[in-house]
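Report on the structure
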Amino acid sequence: MIDRREFRIAHETMAAALARRGPAWLNNDSPWVQAGLLDQRQRALKSELEALQAERNQVSRLIGQKKAAGEDATAEMARMKEVAARVRALDTEAREAEEAFSRALLEIPNPPDESTPDGVDESANVERCRRGIPRPDVTPPHWEIGEQMGILDFESAARLAGSRFSVLRGRGARLERALMQFMLNMHVDQHGYEEVWVPAIANSKTLTGTGQLPKFADDLYRLEGEDAYLIPTAEVPITNLYQDQILDASQLPIRHCGYTPCFRREAGSAGRDTRGMIRQHQFDKVELVWLTRPEQALAQLEQLLQHAEAVLQALELPYRVVDLCAGDIGFSACRTIDLEVWLPSQQCYREISSCSSFAQFQGRRAGIRYRAEDGKPRPVATLNGSGLAIGRTLVALLENGWQEDGRVRLPAALQPLMNSEFL
RNA sequence: GGAGAGAUGGCUGAGUGGCUGAAAGCGCGCCCCUGCUAAGGGCGUAUAGGCUAAAACCUAUCGAGGGUUCGAAUCCCUCUCUCUCCGCCA
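Residues numbered from 1 in each chain as written. Chains lettered and ligands numbered in written order. Predicted model: local features only at pLDDT ≥ 70, side-chain atom pairs only at ≥ 80, totals over all residues. Heavy atoms only, no water.

**Let's talk about the environment of Asp 72**
- On the secondary structure map, Asp 72 appears in the loop between helix 3 (31-68) and helix 4 (74-106).
- A distance of 3.0 Å separates the side chain of Asp 72 from the side chain of Thr 74, its partner in a polar contact. (Helix = DSSP H or I, 4+ residues; strand = E, 2+ residues; numbered from the N terminus. Polar contact = N/O pair within 3.5 Å; in protein donor to acceptor, adjacent residues only side chain to side chain.)

Encoded structure:
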């Protein structure tokens, strides 16, 4: 959520930043323009209401004093009865105006950071660098490799749950588990994160805190009859661990890693990546989350990125680093850097981690604040990134480790956990 | 699922209709005293919004929502959550 005060005071600056996401964000029917109108109305009504309340409070106190002194106060009481009625009516109106304004504010995305490259779609993303050397040949797709080995079973998954689910068997199931273990160990032992284990279900307030609601309800699985959703990413519960808290500045940065399953309806992506386990309704992910001071957020995003890269490096997977442009970053982010892993069957790089700074956008929405040196609470900045998406990592390992003899060679780092040189 | 108890500021915890945004304590900040340490004293210290150059000031907030009243932390209703006991259960 953008800052209300800044919305008024730095209106033009913010509008210019927002426009970099695409001109539609400033249309007449956009939340941006609507919020401007609703703010004026909301403030006018509130001022009127507050003046009336001030009068009521003052006279009510007087009535109390008169009664205590044994004096007659019936005239004041009669007058206040009218005022009370007007207060009630105005209060309803002002409250509705305030709620309308708040709703509009919640639909305005985070203005991109200055450092985010210009551009309206992914074609304008900036490749920063490539690491590792992609194998020169084209391999079979992972689903063929996996089905041949008997470790991937999409037929059973479809019967159990539908399309876009997977069943792992034997060594495949073990690899999924080994990856989870490997990634978490690395972030805890080498990168100093505190591991957390959190619910995979969250309520609407929590999902609003990190920005999935109200705008992206269609992407979420909702539990029938309850205010509860399956989480689309561990970012949601982990960030909200501190919802509505005022942290001490000395606690920052707070850095957590955690594994959760993730659930996405993939409502808008029918027909894309329909085969295999690239795009699933349920997938596993290890997530990295930081809560930090706003002025340090961007520098620390680079550290977080390195922690995610370290996993790819340890797994000997070729990848590239891509700086997303203003039109391609997510709703809540102001800066995003993706890691894309080489998939030799598709001869291209595919996203395997997305590392973002949200500046104070989520901190403000979720009520996560810290007490700054001046003693005033300020929203914390939040960062998060995948470290990594486990299913896609498994895919990359299958394809990059595949050999002509049908076996899949495992990177040295995984061999102890898998108790074998090959899958 | 049934019965009971509870929810107050960063924390503990008073407070059953009128200067209570809230006693007291802890914590924290500044100052004083004490030639170390310990102890002691004074003052300050919630959040959000509005209006301000900044204050002053005004408004709201005692789990959430609604009601009674001139006036609600305090009375009534609904809901949520926590705890205890019972039931069920990995």
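Here the narrative resumes.
**Focus on the side chain of Glu 266**
- In this fold, Glu 266 is placed in the loop between strand 6 (254-263) and strand 7 (282-292).
- Residue Glu 266 is classed as buried on the basis of its relative accessible area, which comes to 17%.
- Of the polar contacts made by the side chain of Glu 266, one reaches the side chain of Ser 269; its length is 2.7 Å.
- Apart from the residues within four sequence positions on either side, Glu 266 is in contact with Arg 164, Arg 279, Gln 280 and His 281. (Buried < 20%, exposed > 50% of the residue type's maximum accessible area, 1.4 Å probe, protein only. Contact = heavy atoms within 4.5 Å.)

**As for the confidence of the model for chain A**
- Put simply, chain A has an average pLDDT of 93, and 100% of its residues get 70 or more.
- Predicted confidence in chain A is weakest over strand 5 (residues 246-248), with a mean pLDDT of 83, and strongest over helix 10 (residues 297-314), with 98.
- Scored as a whole, the predicted complex attains pTM 0.93, and scored at its interfaces, ipTM 0.85. (pLDDT = per-residue confidence, 0-100.)

**A look at the nonpolar core**
- Core analysis: the biggest nonpolar cluster contains 55 residues, and Leu 175, Leu 179, Leu 312, Leu 315, Leu 339, Leu 398 and Leu 423 have the highest contact counts within it.
- Dropping the residues within four chain positions of it, Leu 315 is found in contact with Leu 179, Phe 182, Thr 393, Leu 397, Pro 411 and Leu 414.
- In this structure, Ile 238, Tyr 242, Ala 249 and Val 289 belong to the second largest nonpolar core, which totals 16 residues. (Core = buried A, V, L, I, M, F, W, Y, C linked by side-chain atoms within 4.5 Å.)

**Examining the sheet that holds strand 12 (residues 377-379)**
- Pairing within the open sheet is mixed, and its three strands lie in the order 5-11-12. Two strands in the sheet have a free side with no partner beyond their single neighbour: strand 5 and strand 12. Ignoring strand direction, the axes of neighbouring strands in this sheet form an average angle of 40°. (Pairing = 2+ DSSP bridges. Axes fitted to C-alpha atoms, helices over the stretch in contact; angles between N-to-C directions.)

**Regarding the protein's contact with RNA strand B**
- The local shell around RNA strand B holds 19 residues, among which Arg 8, Gln 53, Ser 60, Arg 369 and Arg 371 are the closest.
- Backbone polar atom of Ser 60 to a base nitrogen of RNA strand B: 2.7 Å apart, as the coordinates give it.
- Between a sugar or linking oxygen of RNA strand B and a side-chain N or O atom of Arg 369, the distance comes to 2.9 Å.
- Of all elements in the fold, only helix 3, helix 4 and strand 11 (369-371) reach the threshold of two or more residues within the surface near RNA strand B.
- At eleven residues, helix 3 tops the list of elements feeding residues into the surface near RNA strand B. (Near = heavy atom within 4 Å.)

**As for the packing of helix 7 (residues 170-190) against helix 12 (residues 390-401)**
- Look at helix 7 against helix 12: their axes get within 10 Å of each other, and the N-to-C directions meet at 115°. Crossing geometry of helix 7 relative to helix 12 is assigned as right-handed. Contacts from Gly 172, Leu 175, Glu 176, Leu 179, Met 180 and Met 183 in helix 7 reach Ile 390, Gly 391, Thr 393, Leu 394 and Leu 397 in helix 12.
- Considering only residue class, the contact of helix 7 with helix 12 consists of seven nonpolar, three polar and one charged. (Left-handed = near helix turned anticlockwise from the far one by under 90°. Nonpolar A, V, L, I, M, F, W, Y, C, P; charged D, E, K, R; others polar.)

**Side note on the pairing of strand 10 (residues 348-357)**
- Of all the ten residues making up strand 10, seven are buried; the element is thus mostly covered by neighbouring parts of the structure.
- Across three bridges, strand 10 lies against strand 13 (residues 381-389) in antiparallel orientation. Within the sheet, the bridge partner assigned to Ser 356 lies in strand 13 and is Asn 384.

**With respect to the sheet that holds strand 6**
- The strand order across the open sheet formed by eight strands is 1-8-9-10-13-7-6-2, and the pairing between neighbours is mixed. Only two strands of the sheet have a single neighbouring strand rather than two, namely strand 1 (126-131) and strand 2 (194-196). Across this sheet, the average inter-strand angle for adjacent strands is 25°, counted without regard to direction.
- Here strand 8 (residues 319-323) runs beside strand 9 (residues 335-343); their pairing, made up of five bridges, is antiparallel. Residue pairing in the sheet places Val 322 in a bridge with Asp 338 of strand 9.
- Packed onto the sheet, helix 10 meets strand 1, strand 6, strand 7, strand 8, strand 9, strand 10 and strand 13 and runs at close to 10° relative to strand 13.

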